[in-house]
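This is what each chain is made of:
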Amino acid sequence: MANAGMVALDWQQRINWDRLRKYRLERARARMKAAGLGAMLLMYDENVRYVTSTLTPGWNRLKPGLRYAMLCGDDAPVLFEQGDIGMQIERHSPWIPKDHVRWSYAWIKGAAGPASLAQVKKFTNAIKQEMKKANVAGTKLGVDFIDINMLKVFGEEKIEWTDGMTPMMEARAIKNEDEQEALRMVGAIGDAAHWEFMKFLQPGRTENQLTAHIMQYLYSVPGMEDVEDVIVSSGPNTWPNWRNFSDRIVKPGDIVFMDLAALTWNGYKSCYYRTYCAGKEPTGEQKDIYATALKWLYDSIKAVKVGTTTREIASKWPSAKEAWGYAEEDQAAANLWGHGLGLAQYDQPVISRIWSLDHPIEIKEGMVFALETQHGKKFEWGVRIEEMLIVHKDKIEIIFSFPVEQITVVDPMPGYSTLAGG
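Residues numbered from 1 in each chain as written. Predicted model: local features only at pLDDT ≥ 70, side-chain atom pairs only at ≥ 80, totals over all residues. Heavy atoms only, no water.

1. Examining the overall build of the protein chain
Convention followed: Helix and strand definitions follow DSSP, with helices as H or I runs of at least four residues and strands as E runs of at least two, each counted in order from the N terminus. It is over C-alpha atoms that the radius of gyration is taken, and the globule rule equals 2.2 Å times the number of residues to the power 0.38. For each residue, the accessible area found with a 1.4 Å probe, counting protein chains only, is set against the maximum for its type, and the residue is called buried under 20%, exposed over 50%, and partly exposed in between. Contact criterion: two residues are considered in contact whenever any of their non-hydrogen atoms come within 4.5 Å of each other. Using a 1.4 Å probe, the Shrake-Rupley method yields the accessible areas, and only the shown protein chains count as cover for residues. Lys and Arg are tallied as positive, Asp and Glu as negative. Neither His nor the chain termini are counted. A charge is said to be at NZ when it belongs to Lys, at CZ for Arg, at CG for Asp and at CD for Glu.
Tallying secondary structure elements over the protein chain gives eleven helices and 16 strands in all. For the protein chain, whose C-alpha radius of gyration is 23 Å, the value lies close to the compact-globule estimate of 22 Å for 422 residues. A buried classification covers 55% of the 422 residues belonging to the protein chain. For the protein chain, long-range pairs separated by at least 24 residues make up 67% of all intrachain contacts whose partners lie at least 6 apart in sequence. Split by element, the accessible area of the protein chain, about 18700 Å² in all, is 53% carbon and sulfur. In the protein chain, 50 side chains carry a positive charge and 54 a negative one; their mean positions are 3 Å apart.

Here it is as structure tokens:
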């Protein structure tokens, strides 16, 4: 398909959403059974979407239990939607049988106060009923979320629960051809957003003005559901990289970087850094630092292939002590980094010297992940670069196209004072 277009057509095969829905559901079911589970209770947004192909509205995210889903044995998934919103699910999502749409029993992370325990009892009774209907009562229940009230009631009801997040992580790690195409679309949108950023960047604008402009641009794209974060940092805010934006004014000659941290197109997410210099050619030192970060990045990309492990990838990066003189790797968390992308910003594999050297994960065909590196001069400037790739049987596909081999220079002007450090 290779990024044929954004909307469905009758005359050209593009993303086959029905095939995608079936693939995700059956992959989750297969990993559930492989883990010895009779059923899974899913409360995190990305897992609910993976098995039900329904959208969690923005106000509903990060609140496990407002809506949730169950996958029991060989039955169709059951969606517990908040209140009467389930009527809209019946209307818009015909792949879920109408008799598998329920209302949820929520306690909102304990905000229901003294009523929380009573709500969890209703919640637990509904879980038991679904497992009984699917003939998996008494089997192990995998859960991706647990809280103090659930622990108490599950114990009282003698529900044998265990880890359900690992099977879901394993399922989500391998993307089929339709998911890969959705992520190519994310890459194309990201390329366009970086081009727009390059045109809009100029000294005098603030980090939050630049962020707002790209947010507005992204939300004009058809299929855009959410932009979790746009990170614009400039000057001393770029190192250490605080991964945020502020009202700081971009000055002539500033290093600036922008990260599309989870633009979400039809559920699929990005992570995409590029580094810019506003109004001036970078100094020789800045070019050298960037070249170092770029080498770290591409050395790690060249290590990616089917059958290798995250150890081989992470070992291409220097230690935190070698790079920055830090005492231990955790002090440099996410500085040299890799992470899977899909319906969540952190699918498997997550790659870091913190854990990958001792606990490697095998790289498999169909994985999609980003690799990112950074370097800089404390409280003066820093650079960060990121590429997102698809692992194929015999090659690696980089899905970003915006220039990467050097700092992108925007409207350079002559005449800077060398006495001022220019």
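Back to the write-up after that little detour.
2. Comments concerning the packing of aromatic side chains
Quick reminder of the rule: Pairing of aromatic side chains requires ring centres within 6.5 Å, counting the rings of Phe and Tyr and the six-membered ring of Trp. Pairs whose planes differ by under 30 degrees are stacked, by over 60 edge-to-face, and all others tilted.
For the structure on display, the rule yields 15 aromatic pairs. Between Tyr 68 and Phe 123, the aromatic rings sit 4.9 Å apart at their centres with planes inclined by 70°, giving edge-to-face as the arrangement. You can see Tyr 68 sitting in strand β2 (residues 68-72) and its partner Phe 123 sitting in helix α4 (residues 116-133), a full 55 residues away along the chain. Comparing Tyr 68 with Phe 123 shows no difference in burial state: the two are buried. Between Tyr 272 and Phe 400, the ring centres sit 3.5 Å apart and the planes meet at 5°, which makes this aromatic pair stacked.

3. Observations regarding the pattern of salt bridges
Definition in use: Whenever a carboxyl oxygen of Asp or Glu lies within 4 Å of a side-chain nitrogen of Lys or Arg, that contact is scored as a salt bridge.
Across all of its chains, the model carries 25 salt bridges by this definition. A salt bridge links Arg 248 to Asp 254, with the nearest nitrogen and oxygen atoms 2.8 Å apart. Residue Asp 254 is classed as buried on the basis of its relative accessible area of 10%. The residue Arg 274 makes a salt bridge to Glu 387 at a minimum N-O spacing of 3.1 Å. Note that Arg 274 is positioned in strand β10 (residues 273-278) and Glu 387 in strand β14 (residues 381-391), a separation of 113 residues in sequence. The two residues Arg 274 and Glu 387 agree in class, both being buried.

4. With respect to unusual backbone geometry
Backbone torsion omega between Trp 239 and Pro 240 reads -10°, so that peptide bond is classified as cis. Its place among the elements puts Pro 240 in the loop between β7 (224-234) and β8 (255-265). Looking along the chain, the bond that leaves Gln 348 and enters Pro 349 is cis, with omega of 0°. Relative to the helices and strands, Pro 349 resides in strand β12 (residues 347-351).

5. Brief notes about the pairing of strand β11 (residues 337-340)
Counted only if it meets this: The pairing criterion is simple: DSSP has to find at least two bridges between the two strands.
Across the two faces of β11 the burial is the same, with Trp 337 and His 339 and Gly 338 and Gly 340 all buried. Looking at chain direction, β11 and strand β13 (residues 368-377) are connected through four bridges and run antiparallel. Looking across to β13, one finds that Trp 337 is bridged to Glu 372. The sheet contact formed by β11 and β12 spans three bridges and is antiparallel. Paired with His 339 across the bridge in β12 is Val 350. Hairpin connection of β11 to β12: six residues between the antiparallel strands.

6. So, the packing of helix α7 (residues 177-200) against helix α8 (residues 207-219)
Note the following rule: Lines fitted to C-alpha atoms define the axes, with helix axes restricted to the stretch in contact, and inter-axis angles between N-to-C directions lie between 0 and 180 degrees. Comment on the angle field: the value is read as roughly parallel under 35 degrees, roughly antiparallel over 145, roughly perpendicular from 65 to 115, and oblique elsewhere. Take the far helix as the reference: if the near one is turned anticlockwise from it by less than a right angle, the crossing is left-handed, and if turned clockwise, right-handed. Charged means Asp, Glu, Lys or Arg here, nonpolar means Ala, Val, Leu, Ile, Met, Phe, Trp, Tyr, Cys or Pro, and polar covers whatever is left, Gly included.
As a packed pair, α7 and α8 sit with axes 10 Å apart at the nearest point and diverge in direction by 140°. By the criterion of interaxial angle, the relationship of α7 to α8 is oblique. Seen along the crossing, α7 lies across α8 with a hand that is right-handed. From α7, Ile 189, Ala 192, Ala 193, Glu 196, Phe 197 and Phe 200 reach across to α8, where they touch Gln 209, Leu 210, His 213, Ile 214, Tyr 217 and Leu 218. When its residues are assigned to classes, the contact of α7 with α8 shows nine nonpolar, two polar and one charged.

7. Topic: the sheet that holds strand β5 (residues 141-143)
Spatial ordering of the open sheet is given by β4-β3-β2-β1-β5-β6, a layout of six strands whose pairing is mixed. Across the chains shown, the open sheet's two edge strands, defined by having one partner strand only, are β4 (101-103) and β6 (161-163). Put simply, the sheet's adjacent strands are angled 25° from each other on average, direction ignored. Pairing geometry for β2 and strand β3 (residues 78-81), over three bridges, is antiparallel. Residue pairing for β3: Ala 69 is matched across the bridge by Leu 79. Sitting on the sheet, helix α1 (residues 17-34) touches β1 (39-42) and β2, and the angle it makes with β2 is about 65°.

8. Brief notes about the sheet that holds β13
The strand order across the open sheet built from five strands is β12-β11-β13-β14-β15, with neighbouring strands paired in antiparallel fashion. A single partner strand is all that each edge strand has here, and the edge strands are β12 and β15 (396-398). Here the average twist between neighbouring strands, direction ignored, is 25°. Packed on one face of the sheet, α7 meets β13, β14 and β15 and runs near 150° to β14.

9. Some remarks on a nonpolar patch on the surface
We apply this condition: Patches here: salt-bridge-free residues with over 30% relative accessible area, like charges joined within 9 Å, nonpolar side chains (Val, Leu, Ile, Met, Phe, Trp, Tyr) joined within 5 Å.
Taken together, the side chains of Ile 148, Leu 151 and Trp 161 make up a nonpolar region of the molecular surface, amounting to roughly 310 Å² of accessible area. The topology assignment puts Ile 148 in helix α5 (residues 148-156). Assessed through its relative accessible area of 66%, Ile 148 is described here as exposed.

10. Describing the nonpolar core
Short version of the rule: We define the nonpolar core as a collection of buried residues of types Ala, Val, Leu, Ile, Met, Phe, Trp, Tyr and Cys that are connected through side-chain atoms lying within 4.5 Å of one another.
Within the largest apolar cluster, 58 residues are counted, with the highest numbers of intra-cluster contacts made by Val 51, Phe 197, Leu 201, Leu 218 and Leu 260. Among the elements that take part in this core, α7 stands out by supplying nine residues, more than any other. Once residues lying within four places of it in the same chain are set aside, the contact partners of Val 51 are Leu 25, Ala 28, Leu 42, Ala 69, Leu 71, Pro 77 and Met 168. Counting 35 residues, the second largest nonpolar core, distinct from the first, contains Ile 313, Ala 332, Leu 336 and Ile 363.

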